[in-house]
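Inside the fold
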Amino acid sequence: MTYDVGAVERRAILNRTKSVTLVGASANPARPSYFVATYLLSSTRYEVNFVNPRLDTLFGKPVYASLEDVPGELDLISVFRKHDDLPQVAEEVVDAGARTLWLQLGLWHEPVADRAREAGLDVVMNRCVKIEHARFAGGLHLAGFNTGVISSRRQSAP
């Protein structure tokens, strides 16, 4: 079975997604989950939830101790946890009834993907939900930021 989800499938997943829950959300601005959270909150239509048992709030929103504590239906679960934690996280995602398990950049775990797919979930591995959303929304610059400039002219060197 192939585990590299194509661009068309990733775009379809992001287009149908209504909520994104970040498992392993961090209040540390140097952490990737913090950067992704700021992007999702400011640049998308998604309802964004956070899971981290060591935090109470993040960006003025409640942070939940576990996926089972998050109210409402869970759609896309974006995971920022270490590799060894992924099997347990996958079980929680399946138990929560989510639609998509999304493992962030650097995370690849085929048995976890098998388990999630057997439960009927879509699985994306080793991709950043922020980068993929920005790619399809037209806001991805070489550095990964939206410059706000639309031009066909080559930029001059600084």
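Criteria and thresholds
Residues numbered from 1 in each chain as written. Predicted model: local features only at pLDDT ≥ 70, side-chain atom pairs only at ≥ 80, totals over all residues. Heavy atoms only, no water. Phe/Tyr/Trp six-rings, centres within 6.5 Å; stacked < 30°, edge-to-face > 60°. Helix = DSSP H or I, 4+ residues; strand = E, 2+ residues; numbered from the N terminus. Buried < 20%, exposed > 50% of the residue type's maximum accessible area, 1.4 Å probe, protein only. Lys NZ or Arg CZ within 6 Å of the ring centre and 35° of its normal. Polar contact = N/O pair within 3.5 Å; in protein donor to acceptor, adjacent residues only side chain to side chain. Contact = heavy atoms within 4.5 Å.

In this description, an aromatic ring pair is defined by two values, namely the gap between the centres and the angle between the planes. Counting across every chain of the model gives two aromatic pairs. Each ring, one from Y34 and one from F59, has its centre 4.9 Å from the other, and the planes form 45°; the classification is tilted. One end of the pair, Y34, is in helix α2 (residues 32–43); the other, F59, is in the loop between β3 (57–58) and β4 (61–64), and 25 residues separate them in sequence. Between F50 and F59, the aromatic rings sit 6.2 Å apart at their centres with planes inclined by 50°, giving tilted as the arrangement. Look at F59 and you get partly exposed, because its relative accessible area is 35%. Ring-pair connections join several aromatic residues into one group, and the members of that group are Y34, F50 and F59. The ring of Y39 carries K130 above its face, with NZ or CZ at 4.7 Å from the centroid.

Next up on the list: the side chain of T100. Tracing the backbone through its elements, the reader meets T100 in strand β6 (residues 100–103). There is a polar contact of 2.9 Å between the side chain of T100 and the side chain of R16. If near-sequence neighbours (up to four positions away) are discounted, T100 is found in contact with I13, R16, D75, L76, I77, L121 and D122.

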